[in-house]
Amino acid sequence: QVQVVESGGGLVEPGGSLRPSCAASGDMITRMYSMEWHRQAPGKERELVAVLRDTSRGDETDYADSVKGRFTISRDNAEYAVYLQMNSLKPEDTAVYYCKANLKRFGDPRNEWWGQGTQVTVSS
């Protein structure tokens, strides 16, 4: 199996910063296509907030309009790992943040693997 683990959430005041991380691990992973951050607040649909794509010409990133200019997804030092740098946090950013790894594992048709999420709470 592939394990995806998020960490680094927590409680922060408005205007503060957090940097949760995500790491995917497992045997026979042959290629990483992309890593994504999603979030889901109570009563709301899960939404994609950031994606990092590993392409032949380098990394490409994209962001939801609601976080553009405040959030940055980037590679961690470890293999198959990314950070989500979150600055200027707002109460409306409060949600469970989930990481999804899009990868190829030898002999496995499944290519999407979700973490269990990490809670981010922005409150005074």
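The coordinates are above.
Computed from a prediction, not measured in an experiment: that's the story for all the values here.

How each quantity is defined
Residues numbered from 1 in each chain as written. Predicted model: local features only at pLDDT ≥ 70, side-chain atom pairs only at ≥ 80, totals over all residues. Heavy atoms only, no water. Pairing = 2+ DSSP bridges. Helix = DSSP H or I, 4+ residues; strand = E, 2+ residues; numbered from the N terminus. Axes fitted to C-alpha atoms, helices over the stretch in contact; angles between N-to-C directions. Buried < 20%, exposed > 50% of the residue type's maximum accessible area, 1.4 Å probe, protein only. Polar contact = N/O pair within 3.5 Å; in protein donor to acceptor, adjacent residues only side chain to side chain. Contact = heavy atoms within 4.5 Å.

Novice: Is there a simple way to explain the sheet that holds strand S1 (residues 3-7) in this structure?
Specialist: Across a sheet, strands are paired by hydrogen bonds formed along the backbone, either parallel or antiparallel in direction. The sheet built from four strands is open, its strands ordered S1-S3-S8-S7 with antiparallel pairing. Each end of this open sheet is capped by a strand with a single partner; those strands are S1 and strand S7 (71-75). For this sheet the average axis-to-axis angle between neighbouring strands, irrespective of direction, equals 15°. Note that S7 and strand S8 (residues 81-86) share five bridges and pair antiparallel. Counterpart to Phe71 in the pairing with S8 is Met86.

Novice: Hey, could you run me through the side chain of Ser34 in this one?
Specialist: Locating Ser34 in the fold gives a position in strand S4 (residues 29-40). By relative accessible area, Ser34 is classed as buried at 9%. At a separation of 2.6 Å, a polar atom in the side chain of Ser34 contacts the side chain of Asn102. For Ser34, the residues in contact, after removing those within four places along its chain, are Val51, Leu52, Arg53, Lys100, Ala101 and Asn102.

Nothing here speaks to function; it is all geometry.
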